[in-house]
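# Geometric and topological summary
The primary structure of each chain is shown beneath.
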There are 2 protein chains.
Amino acid sequence: MLQLGASSLSASDITALLLGIAVLLGLARILGERARRYRQPSVLGEILAGIILGPTIFGAISIFLINNGFLSHNLFDLLFPLEGGEKIALDGFITISATLLLFVVGLEVDLSTVIRQGKEAITVSMAGIVLPFAFGFTIAWYFPDFLGAGPRGMGEDGQLPFAIFLGIAMSITALPVIAKILLDLNIAKSDMGMLIISSAMLNDLVGWIGFAIVLALLPAAAMLSDTTVVQSTEAVKEIAHQVVNQSGDMAADMGGSNVVTTILITLVFLALMLTLGRLACHKMLPYVQARWSWPGGVLSFVICISLICAAFTEYLGIHSIFGAFVAGVAIGDSTHLRERTRDTINQFIMNIFSPIFFASIGLRINFIDSFDIVIVLLVLVLATVGKVSGSYFGARTAKLGKREASALSFGMAAQGAVGIILGQLAREAGLINDELMVAIVVMALTTSLISGPIMQAVLRLQHQRKLIDFLTDKQVITDPHATDVMQTIGELSKRAAEITGLKAHEIYKSVLQRERIMHTGLPGGLAVPHARLDGLAKPCVIITRHRIGVDFDSPDGKPAQIIGLLLTPTDQPETQIELLSLFAKSFARTAIRQRILEVNSPTEFMAVLNQAASEDSEAASPH
Amino acid sequence: MLQLGASSLSASDITALLLGIAVLLGLARILGERARRYRQPSVLGEILAGIILGPTIFGAISIFLINNGFLSHNLFDLLFPLEGGEKIALDGFITISATLLLFVVGLEVDLSTVIRQGKEAITVSMAGIVLPFAFGFTIAWYFPDFLGAGPRGMGEDGQLPFAIFLGIAMSITALPVIAKILLDLNIAKSDMGMLIISSAMLNDLVGWIGFAIVLALLPAAAMLSDTTVVQSTEAVKEIAHQVVNQSGDMAADMGGSNVVTTILITLVFLALMLTLGRLACHKMLPYVQARWSWPGGVLSFVICISLICAAFTEYLGIHSIFGAFVAGVAIGDSTHLRERTRDTINQFIMNIFSPIFFASIGLRINFIDSFDIVIVLLVLVLATVGKVSGSYFGARTAKLGKREASALSFGMAAQGAVGIILGQLAREAGLINDELMVAIVVMALTTSLISGPIMQAVLRLQHQRKLIDFLTDKQVITDPHATDVMQTIGELSKRAAEITGLKAHEIYKSVLQRERIMHTGLPGGLAVPHARLDGLAKPCVIITRHRIGVDFDSPDGKPAQIIGLLLTPTDQPETQIELLSLFAKSFARTAIRQRILEVNSPTEFMAVLNQAASEDSEAASPH
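Residues numbered from 1 in each chain as written. Chains lettered and ligands numbered in written order. Predicted model: local features only at pLDDT ≥ 70, side-chain atom pairs only at ≥ 80, totals over all residues.

### Topic: the overall build of chain A
Along chain A, the regular secondary structure elements total 24 helices and six strands. Once local pairs closer than 6 in sequence are excluded, the contacts in chain A between residues at least 24 apart make up 76%. (Helix = DSSP H or I, 4+ residues; strand = E, 2+ residues; numbered from the N terminus. Contact = placed C-beta atoms within 7 Å.)

Below you can see the structure in the form of structure tokens.
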């Protein structure tokens, strides 16, 4: 089944391609979920997956195993080779992933909101751009070699684009990350939340336009842009020459690139897409939805538009993802794009393409070899100080109070995914070297990690906790032996004792004491026996699902089928109220209670709860 | 921005890649929708898109334009070149598309249903396989050269796999096509419908296992499998040699392939996946749904599993899509895979990846040059006769009546997409040549086209028509001038006159006459003035949406806001009843009526109606 040749994929190429994508996706998801569990953005885990699978760890281990005779092949080279058909196919897939990812980011930019917030958003966003941009531009202009300019970022021609790039890299704000943080803190719909979001959108737009200009300014590539070592042979060079000749004419069409022309065309493209293009999409969507199959037709339509715009900007000489982003902004603004279409696009791209893209970043960089502590700290400090003080100044100018201005400025400092995407593109284009790329990744991740907790502290807010955050499988009983109230409390207390280390009969006594004052049955088949306990380190919830039901004397007379034992430390009186309300809210919907009655194991119980929680928070989100 | 080299994609590669995919997707969707409009499977239009974009038409036009000096570049070569980075990246993307497509096909196989239908399904399906298989096997065995065996389908080693392949190609049934036909005819949930579906599923399973065996039996490739002319240069050959050396060890691991071992491992893999694998997925899904973000986590999980299985079967030496198909069957059977997850996967893959795959088939074959009428007719007749008579015999054995057995046997003859996928794989593997591939495509499309109408005729059924089938934008009025009943009927009659060519005052008179007997207001703000007219060629519906409402004296006293004028020919009394019930059903849901009140143009009106119709038919579908 082996098919060979420079122009087709062999069976081993295809095997490695599929396995490579599966491994990237799988590990990225696993570590992304880990990160999420610690309330961190999942992109952190996804990038870590790439670092593990790349030369930093997996590659190094492979080489170690070969050198010591444990292996005869380099596993890393088999899965993620540096040349050959599989590498090209994987690169192509990753390019498409990045393009579609930016399309989704563009979809989230709501032009109407930005326009509505108007003046204030412009003030905050411009102040937040100018200062860090000045910082970045200045040091890059004077110390390009020290900071890590790539082969095309040096010399007379490269100095300006390199300096502009670093300015932009330091002044970007991550829309998806900050939106997530605001949702978590439940302030996305407050005035401050809306202001942060519109400023971030504006910031995104300005940043991408600036980056398009950087790409247009770049001196023509005189060498292979891929900074990894290419084991070039004579034959490879010969092929390269042929490719040059083949695509030479095309390059001539677009190449000779008068920089000014490229920038002008880009700006015209942008202006047209955001006016006529936006209107055309708005007019065409109902047409497509009326005549084509639904929702499939509109799905193909929007992806097709985004790919065409992406191809156009790539042809112009700026990157494909700029076109995809602009297409996303133009289409996303239409009120005719229905929720279900957005949801399908979002789910598939954010959960398949996006993790693969972020994991791929680590594949070609050795994060240990290229870690330069001076550059990392320099970039981190300058970006944070510039962004925070600039945004604070802007927010105060826009008449925000001190506390809110502080919170906002740290919110705007979150760089997240967007900074990393820009860095990766710049690195691929040969504008920056691996050391600077590592510094940008570290800076983007660090700012994303700290901005949430700082905002929370400044605003004295609490993360909205969910019931599921207090639960593990061991704290759910789906096949109870108990048949009455006393036995049920006994069974719950016993399980609680195993988990907390307290004595079962003491828990039992306290709970029963409370229960005797008044039964804790709630309407809808719920009950919440509870107690405050001394010596309890942290709150403990045990839930039992009772198919037949136990009579907890509820107001509506129904037997309790979902019974939650809520134990809280004596010194945290507010936690008891929180747990009571979380419990009642989690099982408020009849459909959820119905599904809870059908589960067969604690894990299935947790699955229903997890889905319900995500549906609830979706219903509360702006989109 | 040009990046060169044999191991990375240049900007022009990326431009062509994105544009190529966009063009394939766009044209496939447009022609697919055309086909759907004529009640044909959309795969017909998708394949046609590929034929138009391939060497048959676009390629031929490009060459013509160059030869006559109208163009300096070959546009076809720029977009879909035969070698170089873009070709490899596009091939990789198409391979991934095919893999994911087969995963979705596998998801639709419902093992439990097959097992429940048990004996009867086995009888029908086996009888339907044996006869056409025997036909195909026999002629392929005796006349391989004449029929069009490829380079690897000839000679002593190739004869057996080639004969088995043609047997399978003739005995396959297209699950997606037949399921769609049954839904259209509204008999998917009847006993016969369920029997057809389970037989088709069983047939699919047997067909794919058989094909895996064919691939295992294939003699090792001694040449480039791609049958297109490769403009090979010395340099390309040298590269090829290097690739051989590089992947040689891997090939040795899997290559030396003792055929029996490969088949055994494949069968063990299949058995394990359908038992332990199926159980493991069923157990792991709640775990993933309980702990990972929802619905994103489970989405990544299932795609990851399917890619791993695909990589494994590719490694075994059979094709990647077999593994994806088996993974789909194993996962799809779990009741824990929620509707929303299925829906997201389905929508995205069927509307993005699947059209791209089907369109890609035409990209490498010249359908005019390779059209051999004798082979086409031979394959078509043998496949149809074999499948229809075999299935009929099976159905009679399973005690079905003559009429039902006839209907079932034509249903089973629909080859659709699956036959084409197998053909494409066989062609890529060098087992068959372009002429036979064209014949298989023609046969698969023809059988898909005829089976629906024949079943309909045999069972004397009607397609379920929808209200939207009777409407165009011109037949919808969203900004009426009328303010009372008389004016409204006048306005509707005038529009009807423009469309039918009848006189407006005659229509007006007839409708008013009917309206005077009794007003036609319905509860919920609907009204249906109607009349039967002589000289009307076909039914005519005009709908007006009146924001304020007109008093049509409805039972609930509400003014009519959606008013449909229903005109039917005098000699079709049953059509009037049909239209009345379609109208009432279409606007039965309050949510739909609400959205109708908000639309601003006839096109938006049609969009709402189209979405509502698709939601209604989804609610009625088995999944």
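After presenting the structure, the write-up continues.
### Considering the domain arrangement of chain A
Think of interface size as the accessible area that goes away when the parts come together; that is how it is often given. All names here are of chain A. Taken as a whole, chain A is organised into domain 1 (11–79), domain 2 (85–223 + 257–459) and domain 3 (467–620). Once you take the C-alpha centre of each, domain 1 and domain 2 turn out to be 26 Å apart. Each side of the interface is counted separately: domain 1 has 24 residues, and domain 2 has 27 residues. Looking at the side of domain 1 that touches domain 2, the elements that each hand over two or more residues are α1 (11–37), α2 (42–53) and α3 (55–67). With 11 residues, the top contributor of residues to the side of domain 1 that touches domain 2 is α1. Looking at the side of domain 1 that touches domain 2, its residues break down into 15 nonpolar, six polar and three charged. (Domains from an automatic or database assignment. Nonpolar A, V, L, I, M, F, W, Y, C, P; charged D, E, K, R; others polar.)

### Notes on unusual backbone geometry
Here D553(A), not a glycine, exhibits a phi torsion of approximately 60°, which is positive. With respect to the secondary-structure elements, D553(A) resides in the loop between β5 (540–550) and β6 (560–569).

### Regarding the packing of helix α18 (residues 416–428) of chain B against helix α19 (residues 434–459) of chain B
All names here are of chain B. Where α18 meets α19, the axes come as close as 8 Å, and the angle between the chain directions of the two elements is 175°. As summarised for this structure, α18 and α19 are arranged roughly antiparallel, according to the angle between their axes. Taking contact as the criterion, the partners of G416, G419, I420, G423 and R427 in α18 are, on α19, M437, I440, V441, A444 and S448. Counted by class, the contact of α18 with α19 contains five nonpolar, four polar and one charged residues. (Axes fitted to C-alpha atoms, helices over the stretch in contact; angles between N-to-C directions. Parallel < 35°, antiparallel > 145°, perpendicular 65-115°, else oblique.)

### Some words on the confidence of the model for chain A
Residue and element names in this part refer to chain A. Of all residues in chain A, 90% have pLDDT values of 70 or greater, and the mean over the chain is 83. Long-range and interchain partners of residues 1–6, a stretch whose pLDDT sits below 50, account for 29 contacts in this model, where long-range means more than four residues apart. Across residues 222–257 the pLDDT falls below 50, and counting only partners more than four positions away or on other chains, this stretch makes 58 contacts in the model. (pLDDT = per-residue confidence, 0-100.)

### Comments concerning the pairing of β6(A)
All names here are of chain A. Most of β6 is tucked away, with nine of its 10 residues classed as buried. In the sheet, strand β3 (residues 526–527) pairs with β6 via two bridges, with the strands oriented parallel. Looking at the pairing, A527 lines up with I563 of β6. Here strand β4 (residues 530–533) runs beside β6; their pairing, made up of four bridges, is parallel. If you follow L533 over to β6, its bridge partner there is P569. Inspection of the sheet shows β5 paired to β6 by seven bridges, in the antiparallel sense. The partner of T544 across the bridge, within β6, is I563. (Buried ≥ 20, exposed ≤ 12 C-beta atoms within 10 Å, placed from the backbone. Pairing = 2+ DSSP bridges.)

### Details of the packing of α1(A) against helix α15 (residues 339–361) of chain A
Residue and element names in this part refer to chain A. For the pair α1 and α15, interaxial distance at closest approach is 9 Å and the crossing angle is 95°. Between α1 and α15, the interaxial angle falls into the category roughly perpendicular. Of the residues in α15, those in contact with I21, L24, L25, L27, A28, R29 and G32 of α1 are I352, P355, I356, F358, A359 and S360. Tallied by class, the residues present in the contact of α1 with α15 amount to 10 nonpolar, two polar and one charged.

### Side note on helix α17 (residues 402–412) of chain A
Across the 11 residues that make up α17(A), a large majority, eight, are buried. For α17(A), the full list of buried residues reads A405(A), S406(A), A407(A), L408(A), S409(A), F410(A), G411(A) and M412(A).

### Quick word on the environment of L363(B)
Examined against the element boundaries, L363(B) turns out to sit in the loop between α15 (339–361) and α16 (373–397). Sequence separation between L363(B) and R37(B) is 326 residues; the distance between their C-alpha atoms is 25 Å.

### Observations regarding the environment of A612(B)
Residues and elements named next belong to chain B. In this fold, A612 is placed in helix α24 (residues 602–620). Taking the C-alpha atoms as reference points, A612 and H505, 107 residues apart in sequence, are found 34 Å from one another. If near-sequence neighbours (up to four positions away) are discounted, A612 is found in contact with S586 and I592.

### Structural notes on the environment of L9(B)
Mapped onto the elements, L9(B) comes out in the segment before α1 (11–37). When the C-alpha positions of L9(B) and T99(B) are compared, they lie 23 Å apart, and in sequence the two are 90 residues distant. What L9(B) contacts, discounting residues up to four positions off in sequence, is I88(A), D91(A), G92(A), T95(A), I14(B), G85(B) and A89(B).

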